[in-house]
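Report on the structure
Listed below are the residues making up each chain.
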Number of protein chains: 2
Amino acid sequence: MRAVAIVGAGQSAFGDFPDKSIKELFFDAYREMAASVDRDFDPALIEAAYLGNLGSGGFQLGNVSALMTGFVGLPYIHAVRIENACASGGYALAAGAMDILSGTHRVVLAGGVEKMTDVSATRGRYWLGVSGDTEYERLAGTTFAGLYALIAKRHMHEFGTTREQLSLVAVKNHHNGALNPKAQFQREVKLEQAMTSPTVCDPLNLFDCCSTTDGASAVLLCDGEIAKRFTDTPVYVAGFGTSSDYLAIHDRASTTTLEATRRAAARAFRMAGLRPADVDLAEVHDCFTIAELLAYEDLGFCDKGKGGAFLEEGRTALSGDIPVNASGGLKAKGHPIGATGTGQAYEMFRQLRGSADQPARQVKGAEKGLLHNVGGSGGTAAVTILAR
Amino acid sequence: MRAVAIVGAGQSAFGDFPDKSIKELFFDAYREMAASVDRDFDPALIEAAYLGNLGSGGFQLGNVSALMTGFVGLPYIHAVRIENACASGGYALAAGAMDILSGTHRVVLAGGVEKMTDVSATRGRYWLGVSGDTEYERLAGTTFAGLYALIAKRHMHEFGTTREQLSLVAVKNHHNGALNPKAQFQREVKLEQAMTSPTVCDPLNLFDCCSTTDGASAVLLCDGEIAKRFTDTPVYVAGFGTSSDYLAIHDRASTTTLEATRRAAARAFRMAGLRPADVDLAEVHDCFTIAELLAYEDLGFCDKGKGGAFLEEGRTALSGDIPVNASGGLKAKGHPIGATGTGQAYEMFRQLRGSADQPARQVKGAEKGLLHNVGGSGGTAAVTILAR
């Protein structure tokens, strides 16, 4: 069977950029990706591009793939927009890997782009709300913070997860984000500040929620056979797995387990021939603080219900045995929806090659990293395992 | 190398269905698909679903793949929304084929769904306009009829294409649509009526434009190795090819050639080891009458500029040597954007198996059929060649 390698990665700064269009954001990521390939990069080699995008605030909804690839000088390729809400980038990565495994194309771009900050708060809630079940959730008045608040409340009830444990996710990820020059929020947050910020939807407060973000990311995938042509240190896609679930939370088997994450992880680990304990570090989908605790549990890093304790023990800190969201995560690095999944791949590509921007953020000796990207409240999830 | 087969196909009626939700439309297509599999169909075999969708009028924008697959009873699969404007379905078909060729999944659904008629005319123009280049086309006031009118005007100027030739496309496709019980417009149109209908954007009039449509379609793909388990008469994906182009028409090499179509066709023919003359019938993307003439030329059925004459000679009539749009095409069958590509596959699956609904529409002895699906004004295009 063929192998799939990543040989280049780029990411725009994540943040609020009123002067940059979605095209310029994507070009920032593309340009860094191109420059990151150690040798022999040639745009003419790129035969396909899979781009994650939710809606760019309604500015450009259709044919975004052609608009972006044309703008960076890649016409006449197999360009496809992949949309699975916040997991669009993770699915773009899986699509790129499958394309190469199918033998259709040998050099493939997987990326994503989103422009969110131009949108009004009302319209922004609409653009996000339409990733939940419109009939049963959005039109009933539920926002995404509302959906995750339901999950958090139930998790607290079932497992005794505490307000402080939720806030510790924010504290950890802001600490890491402060070390990431491309993060939207490069500043630390104190526990008291995180615990007492204004309520968004009980029990979630401002620091439990990720932000709206402009940004883009891109990685260059190729057939493993030709990876060494581009670099001596490729990173390999050891495994990938995805799963959908019922979109409306009330249809699911459990409120406190994202079954999509559980199944996606099981598939990715099976393909990679690895177990959760083999993972050295992970970028997980912390759109809300509770989501990171769910991720620890559903990815198999700890038992169900023990996510809060796992965090408190420092296991997922930069100094822990499985650092999670060294980049700052969605919480501090930012969450430009379609760009998040391949943004995780950008961070992991650099971590596994020892090229993190600041020594303080570099996880030493990491060989295997896991990426976890969730669509909406868990209607879709993608897990990718990278290995050097 | 693996082969990919189609073993089942379903389509909802295409039309204006104020009482049906997108979920119900998709279920109509799914149910017929399931019933069409000759034996051993089991939903539990379906491991992945690729669904084309543009935006369903803004009702549900994100995670449509999870919403649709959950509703028909397919949770926990690799469900992905593919969006390349009007070519979304054609790309969903290609994605499904690549998935199987990659060895990731063996039984895969490719389909699409769109709900367009609930949307006001103003908002509808927005939803369609966002598939062109927003900065250079939509915000300058250009509608999609406007873009194709530019192309038509230039085609008339360069090649002498006539008003009558454009209208003959409508006459032919309405003739075919009148024979299709699932078409949106099941009635003939006379040449004079087609030539004198109200102008939409000069030189295009009402009967030069396809309509807004509600509808869904789905085909069941599987690894060629297991196809005979489901039917004695599978239809095979002999080849597929796609291409993007610059999204804005002013950036393109030519106004009268859809380079995306030309390249997609070349790739599909190469993969299939066939030439245009080998094709027995075709479903092409006639979103506007001029688009069908471009398709004849860019797919290689006739020389550049000769599309009008090719049509006038009756070559593409049901009785011609290469019947085009036996279904009625986008013009008469309807164009529910995300569902169009796999709707073409539905028609071709039935034509190649001799199961067209009415003998008058059945193309006798057809063995090889081509599907052609264009995104927007040609920013993307997908060509698929099916063979029994």
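Here's what I pulled together on the structure shown here.

Cut-offs used in this document
- Residues numbered from 1 in each chain as written.
- Chains lettered and ligands numbered in written order.
- Predicted model: local features only at pLDDT ≥ 70, side-chain atom pairs only at ≥ 80, totals over all residues.
- Heavy atoms only, no water.
- Contact = heavy atoms within 4.5 Å.
- Buried area = accessible area lost by both parts, 1.4 Å probe.
- Salt bridge = Lys/Arg side-chain N within 4 Å of Asp/Glu carboxyl O.
- Buried < 20%, exposed > 50% of the residue type's maximum accessible area, 1.4 Å probe, protein only.
- Helix = DSSP H or I, 4+ residues; strand = E, 2+ residues; numbered from the N terminus.
- 1 Å grid on protein atoms, 1.4 Å probe; cavity = no way out; pocket = protein on both sides within 12 Å on 5 of 7 lines; lining within 4 Å.
- Points joined across faces, edges and corners; volume = space filled by probe spheres on them.
- Core = buried A, V, L, I, M, F, W, Y, C linked by side-chain atoms within 4.5 Å.

1. Some remarks on the interface of chain A and chain B
Each partner contributes to the interface: chain A provides 59 residues, whereas chain B provides 59 residues. Across the interface of chain A and chain B, roughly 4,700 Å² is buried in total on both sides, 52% from carbon and sulfur atoms. Considering only the side of chain A, the residues that lose the most area to chain B are A:Asn63, A:Tyr76 and A:Met98, jointly responsible for 17% of the buried surface there. Scanning the region where chain A abuts chain B turns up four salt bridges.

2. Some words on helix α11 (residues 289–298) of chain A
Residues and elements named next belong to chain A. With ten of its ten residues buried, α11 lies for the most part within the structure. Turning to α11, its buried residues are Thr 289, Ile 290, Ala 291, Glu 292, Leu 293, Leu 294, Ala 295, Tyr 296, Glu 297 and Asp 298. Tucked inside the fold, the buried residues of α11 contact α6 (144–159), α7 (163–177), β6 (204–205), α10 (259–272), α12 (307–312) and β10 (368–375). Looking one or two residues past α11, Gly 300 carries a phi angle of roughly 90°, positive in sign.

3. Some remarks on empty space enclosed by the protein
Under the definition given, this model contains seven cavities of 30 Å³ or more. Taken as a whole, the largest cavity spans an internal volume of roughly 100 Å³. Taken together, 13 residues line the largest cavity, and the ones lying closest to its centre are A:Tyr50, A:Ala95, A:Met98, B:Tyr50 and B:Ala95. Listing elements by their share of the lining of the largest cavity, those giving two or more residues are α3 (88–102) of chain A together with β3 (78–83) and α3 (88–102) of chain B. Sort the elements by how many residues they give to the lining of the largest cavity and α3(A) lands first, with four residues.

4. Structural notes on the nonpolar core
Membership of the largest hydrophobic core comes to 74 residues, with the highest contact counts inside it found for A:Tyr50, A:Ile82, A:Leu221, B:Tyr50, B:Ile82 and B:Leu221. In this view, A:Ile82 contacts A:Tyr50, A:Leu51, A:Gly52, A:Asn53, A:Ser88, A:Tyr91, A:Ala92, A:Ala95, B:Val80, B:Arg81 and B:Ile82; residues no more than four positions away in its chain are not counted.

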